[in-house]
Amino acid sequence: MEKLKSEVCGYMKDMFIQKSMIKRTVISFVSIIIMGFGISLFSVSGFGVDPFTSMNMNIAGTLGIGFGTYQMIVNAVILLYIILIAHRGLVGLGTVFNMIGCGYACEFFQGLIKPVIDNNYTMAVRIPILLIGIVTLCFACSLFFTANVGVGPYDALGFMLSRGIKLQHKWVRVITDVTVILIGLIVSGGLSAIFSGNFSEVKNIGIGTIITAFCMGPLINAFNKNISSKILGTDYVKVGKDVAFFMIKGAYIKNMKPVTVAIPKIKSF
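Treat the numbers as computed from the prediction; the structure is a model and nothing was measured.

Novice: Which residues make up the overall build of the protein chain, and what values do they have?
Specialist: Looking only at helices and strands, the protein chain has twelve helices and zero strands in total. When the elements of the protein chain are put in sequence order from the N terminus, they spell out α-α-α-α-α-α-α-α-α-α-α-α. Taken over 269 residues, the protein chain has a buried fraction of 46%. Of the accessible surface of the protein chain, which amounts to about 13,800 Å², a share of 70% is contributed by carbon and sulfur atoms.

What follows is the structure, given as structure tokens:
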């Protein structure tokens, strides 16, 4: 209990002594709204969404409940696992924003956009919507990452699994992405539709899913370097190192000052 107390205290102190914490928190919240908008564009385009969203949309549709509600429930379960069983170093206010806001924001914007384009649902409309969705989602992810006040539950799960099974995070992410896609396909009946050759029955998976799984990294990095880091006045490379540090070592107080709580000794790299 004392170890948990000191770790939580250490992480909270570390988070709130960051430069421009209020600004970071506001930008993290705004990034989730933009992220929901970007995902809604992916969904409306009909070219598929990111792997985690595709699973949640397929299962939510099968169960007959709202996507935002189902995604919040799944994220809450993942977050509970991270807090109680695994590692707390990547959890912050941004994690909560992501858990609650992303699905509902997507659902809201999808409800606004879909009726507008239903009467003109052609490739000439769908492709630009997909491209705008890619840029919007990458920009939102960049803002969220650079704000550095916590990562999304699904992203944190990948970090934790990577640490636990001693496998590089990029390979763990591929495994988890493929797994959630398969779960969504099985539950929604999409897998049996593929085997029967009825591809029109496959929902929320397409070229957009492939793009989000493999091709968004360079664009997010470009936004990190040229826009997000300037908005926040931070070194985006250092942010990446901080996230890796939390993943490996746990809570740590930068600019350490004397405190009443005993802080575990951290070995240097």
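Novice: Residue-level account of helix H11 (residues 217-232), with values.
Specialist: At Asn224, H11 is deflected by roughly 50°, the largest bend along its length. Regarding H11, the residues found buried are Ile220, Phe223, Asn224, Ser228, Ser229 and Leu232. Two residues or fewer past H11, Gly233 is found with a positive phi of approximately 60°.

Novice: Mind laying out the state of the cysteines, listing which residues take part and the relevant values?
Specialist: Tallying each qualifying case throughout the model produces zero disulfides. The cysteine Cys102 is free of any disulfide, with Cys106 supplying the nearest cysteine sulfur at 7.0 Å.

Novice: Mind laying out the pattern of salt bridges, listing which residues take part and the relevant values?
Specialist: For the structure shown, the criterion picks out three salt bridges. Note that Asp118 is salt-bridged to Lys114, the shortest N-O span being 3.4 Å. Taken together, the shared-partner salt bridges in this structure form one network comprising Asp155, Arg173 and Asp177.

Novice: Please set out the packing of aromatic side chains residue by residue, giving values where relevant.
Specialist: Counted under the stated rule, the structure contains five aromatic pairs. A centroid spacing of 5.1 Å and a plane angle of 70° characterise the contact between Phe37 and Phe109, whose relative ring orientation is edge-to-face. Residue Phe37 is located in helix H2 (residues 21-45), and its partner Phe109 is located in helix H5 (residues 93-117); the two are separated by 72 residues in the primary sequence. Residue classification places Phe37 among the partly exposed positions, given a relative accessible area of 28%.

Calculation notes
- Residues numbered from 1 in each chain as written.
- Predicted model: local features only at pLDDT ≥ 70, side-chain atom pairs only at ≥ 80, totals over all residues.
- Heavy atoms only, no water.
- Helix = DSSP H or I, 4+ residues; strand = E, 2+ residues; numbered from the N terminus.
- Buried < 20%, exposed > 50% of the residue type's maximum accessible area, 1.4 Å probe, protein only.
- Areas by Shrake-Rupley, 256 points an atom, 1.4 Å probe, with all protein chains shown as cover.
- Bend = angle between axes of the 7 residues up to and from the residue.
- Disulfide = S-S within 2.5 Å.
- Salt bridge = Lys/Arg side-chain N within 4 Å of Asp/Glu carboxyl O.
- Phe/Tyr/Trp six-rings, centres within 6.5 Å; stacked < 30°, edge-to-face > 60°.

Scope: geometric values only; no functional claims are made or implied.
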